[in-house]
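# Summary of the model geometry
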Amino acid sequence: MTIEEIIHRAVVLRETIKIEYCTRKGTVITCHINNIEYSRKYGAMYIEAFCLNVEEDRTFKISRIMKVNDHSFSRIFWNQIGDNFNRI
């Protein structure tokens with residue numbers, strides 16, 4: 001199952017999921033999210049959800065999601081990591 005399929009399932013079934021997300025600056029955060037919808041503002045490449053950790057609505061770029069419910073996805077590209085990341 002792809003990340004897009006898991007996200008779509010969560011949208012349709014109104015599931016709460018746990019994601020590991022890489023921000024634009026390269027910080028990896030873990031969030032529990034629910035009320036997930038595709039973004040009306042940015043399109044289907046983004047989701048909007050309620051983040052239970054901070055109790056606020058947030059927008060997430062799907063391609064920056066690295067894990068869903070502890071399942072890993074290697075999808076982060078070097079240009080998404082940020083300038084301060086030391087390459088191996």
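Predicted, not measured: the structure shown is a model, and the values here were computed from it.

### Quick word on the overall build of the protein chain
If you tally the helices and strands in the protein chain, you get 2 helices and 6 strands. Walking the protein chain from its N terminus toward its C terminus, one meets helices and strands in the order α-β-β-β-β-β-β-α. Expressed as a percentage of the 88 residues in the protein chain, the buried residues total 31%. Intrachain contacts of the protein chain at a sequence separation of at least 6 include 37% that bridge at least 24 residues. Carbon together with sulfur atoms contributes 48% to the accessible area of the protein chain, which is approximately 6200 Å² in total.

### Notes on the pattern of salt bridges
For the structure on display, the rule yields 4 salt bridges. With its nearest N and O atoms 3.1 Å apart, the salt bridge here joins Arg 58 to Glu 56. Accessibility expressed as a relative area gives 36% for Arg 58, which makes it partly exposed.

### Considering the packing of aromatic side chains
The tally for this structure, following the rule as stated, stands at 2 aromatic pairs. When the centroid spacing of 5.1 Å and the interplanar angle of 80° are considered together, the rings of Tyr 21 and Phe 60 count as edge-to-face. Placement of Tyr 21 in strand β1 (residues 17-22) and of Phe 60 in strand β4 (residues 56-61) is noted, with a sequence separation of 39 residues between them. Ring centres of Tyr 42 and Tyr 46 lie 5.2 Å apart, and the angle between their planes is 40°; this geometry places the pair in the tilted category. Under the relative-accessibility criterion, Tyr 46 is labelled partly exposed at 24%.

### Some words on unusual backbone geometry
Even without being glycine, Arg 14 reaches a positive phi, approximately 60°. Mapped onto the fold, Arg 14 is located in the loop between α1 (3-13) and β1.

### Here's the deal with the sheet that holds strand β2 (residues 28-39)
An order of β4-β3-β2-β1-β5-β6 is seen for the 6 strands of this open sheet, with the pairing classed as antiparallel. Each end of this open sheet is capped by a strand with a single partner; those strands are β4 and β6 (71-72). Lying on the sheet, α1 is in contact with β1, β2, β3 (43-51) and β5 (65-68); it crosses β2 at an angle near 60°.

### Here we look at the nonpolar core
In terms of nonpolar packing, the biggest core is built from 18 residues, with Ile 19 and Ile 33 touching the most fellow members. When residues of this core are traced back to their parent elements, those giving at least two are α1, β1, β2, β3 and β5. If one sorts the elements of this core by residue count, α1 sits on top with 5 residues. With residues near it in sequence (within four places) discarded, Ile 33 still touches Glu 15, Thr 16, Ile 17, Ile 19, Ile 47, Ala 49, Phe 50, Cys 51 and Phe 60.

Scoring rules and cut-offs
- Residues numbered from 1 in each chain as written.
- Predicted model: local features only at pLDDT ≥ 70, side-chain atom pairs only at ≥ 80, totals over all residues.
- Heavy atoms only, no water.
- Helix = DSSP H or I, 4+ residues; strand = E, 2+ residues; numbered from the N terminus.
- Buried < 20%, exposed > 50% of the residue type's maximum accessible area, 1.4 Å probe, protein only.
- Contact = heavy atoms within 4.5 Å.
- Areas by Shrake-Rupley, 256 points an atom, 1.4 Å probe, with all protein chains shown as cover.
- Salt bridge = Lys/Arg side-chain N within 4 Å of Asp/Glu carboxyl O.
- Phe/Tyr/Trp six-rings, centres within 6.5 Å; stacked < 30°, edge-to-face > 60°.
- Pairing = 2+ DSSP bridges.
- Axes fitted to C-alpha atoms, helices over the stretch in contact; angles between N-to-C directions.
- Core = buried A, V, L, I, M, F, W, Y, C linked by side-chain atoms within 4.5 Å.

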